[in-house]
Amino acid sequence: MTPTSNASAPDEATIQKYLRTAIEAAAQNASVDGGPFGAVVVTADGQHFTAVNRVTADHDPTAHAEVCAIRAACKALGTHDLSGAVLYTSCEPCPMCLSSSLWARLDAVYFAADRHDAAEGGFDDAVFYEFFTATPAERDRLVPVRHIAVDNRKAPFEAWAANPVRAEY
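Note that the structure is predicted; figures quoted are calculated from it, not measured.

## Comments concerning the overall build of the protein chain
Then, in step 1: Broken down by element type, the protein chain carries 8 helices and 4 strands.
Then, in step 2: Projected onto its principal axes, the C-alpha coordinates of the protein chain cover approximately 55 × 40 × 30 Å.
Then, in step 3: For the protein chain, with 169 residues in total, the buried portion stands at 33%.
Then, in step 4: Of all intrachain contacts in the protein chain linking residues separated by at least 6 positions in sequence, the fraction that spans at least 24 positions is 50%.

Right under this line is the structure:
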């Protein structure tokens, strides 16, 4: 994975505009059936894709606003690579959302509330941040993650490498 270029960072007014859009979407969503999180992906050519947290509404623990905005942008644009795009989100991305941003090759991520604001609001994900810096023994208290060697474990990668029409990441 190679980092994206950040050739043209948005100005302060643009950042404020899209953060406010994300916050407004989050507040509206929280007043109906969703979580208090919103996000906007803005492409280099100005297209924007706004999404909200749908975890409880859709019974999908991965339906965070940032992930939903990335999914919407990728689907509409017909690509998995959002190089040149920027993510604006109402709150600091959790590790899953930050990882999704990296996989999408976003140029930047801007957020309004931070993880401490989220914790005060009842959304404390400190344990998830700690998971990645913990020792394997410390991780076991959350969820054991174990490598198990299986003889044919490389078969999917070999099939992918042999596929002449594969889409490169």
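## Considerations on the packing of helix H3 (residues 65–77) against helix H4 (residues 95–103)
The axes of two packed helices give the description: the angle between them and the distance between them.
Then, in step 1: Their axes nearest at 8 Å, the elements H3 and H4 cross at an angle of 25°. One element, H3, and the other, H4, form an angle in the roughly parallel class. The crossing of H3 and H4 is left-handed. Across from Glu66, Val67 and Ile70 in H3, the residues of H4 making contact are Met96, Cys97, Ser100 and Ser101.
Then, in step 2: Residue composition of the contact of H3 with H4, by class: 4 nonpolar, 2 polar and 1 charged.

## Brief notes about the nonpolar core
Then, in step 1: If you look at the biggest cluster of nonpolar residues, it comprises 19 residues, and the most contacted ones within it are Val41, Ile70, Leu82 and Leu106.
Then, in step 2: At the level of elements, strand E1 (38–42), strand E2 (48–52), H3 and strand E3 (86–91) are the ones that each hand at least two residues to this core.
Then, in step 3: With 6 residues, the top contributor of residues to this core is H3.
Then, in step 4: The next biggest cluster of nonpolar side chains, apart from the first, holds 9 residues, and it includes Ala22, Val42, Val86 and Tyr88.

## Quick notes on the sheet that holds E1
Then, in step 1: Spatially, the 4 strands line up as an open sheet ordered E2-E1-E3-E4, and their pairing is mixed. With partners counted over all chains shown, the strands left at the sheet margins are E2 and strand E4 (108–113), one partner each. Geometrically, the sheet is characterised by an average inter-axis angle of 15° between neighbouring strands, direction not taken into account.
Then, in step 2: As defined by bridge partners, E1 adjoins E2 across 5 bridges and the pair is classed as antiparallel. Across the sheet, Val41 pairs through a bridge with Phe49, a residue of E2.
Then, in step 3: Helix H1 (residues 12–30) rests against E1, E2, E3 and E4 of the sheet, and its axis sits at about 50° to E3.
Then, in step 4: Seen against the sheet, H3 touches E1, E2 and E3 and runs at an angle of roughly 145° to E2.

## A word on the packing of aromatic side chains
Then, in step 1: Tallied over the entire structure, the rule returns 5 aromatic pairs.
Then, in step 2: With 5.0 Å between their ring centres and 90° between their planes, Phe37 and Phe123 make a pair best called edge-to-face. Separated by 86 residues along the polypeptide, Phe37 in the loop between H1 and E1 and Phe123 in the loop between helix H5 (115–120) and helix H6 (126–131) bring together distant segments of the chain.
Then, in step 3: Note on Phe37: relative accessible area 15%, which makes it buried.
Then, in step 4: A relative accessible area of 37% means that Phe123 is categorised as partly exposed.
Then, in step 5: Consider the rings of Phe131 and Phe132, whose centres lie 5.5 Å apart with planes at 85°: the pair is edge-to-face.
Then, in step 6: Overall, Phe131 belongs to the buried group, its relative accessible area being 15%.
Then, in step 7: Taking relative accessible area as the criterion, Phe132 reaches 58% and is therefore assigned exposed.
Then, in step 8: Here the aromatic residues Tyr18, Tyr88 and Tyr110 are joined through ring pairs into a cluster of three or more.
Then, in step 9: Positioned over the ring face of Phe131 is Arg139, at 5.5 Å from the centre of the ring.
Then, in step 10: One Lys or Arg, Arg166, reaches over the ring of Trp160 and ends 4.7 Å from the middle of that ring.

The rules behind each value
Residues numbered from 1 in each chain as written. Predicted model: local features only at pLDDT ≥ 70, side-chain atom pairs only at ≥ 80, totals over all residues. Heavy atoms only, no water. Helix = DSSP H or I, 4+ residues; strand = E, 2+ residues; numbered from the N terminus. Buried < 20%, exposed > 50% of the residue type's maximum accessible area, 1.4 Å probe, protein only. Contact = heavy atoms within 4.5 Å. Axes fitted to C-alpha atoms, helices over the stretch in contact; angles between N-to-C directions. Parallel < 35°, antiparallel > 145°, perpendicular 65-115°, else oblique. Left-handed = near helix turned anticlockwise from the far one by under 90°. Nonpolar A, V, L, I, M, F, W, Y, C, P; charged D, E, K, R; others polar. Core = buried A, V, L, I, M, F, W, Y, C linked by side-chain atoms within 4.5 Å. Pairing = 2+ DSSP bridges. Phe/Tyr/Trp six-rings, centres within 6.5 Å; stacked < 30°, edge-to-face > 60°. Lys NZ or Arg CZ within 6 Å of the ring centre and 35° of its normal.

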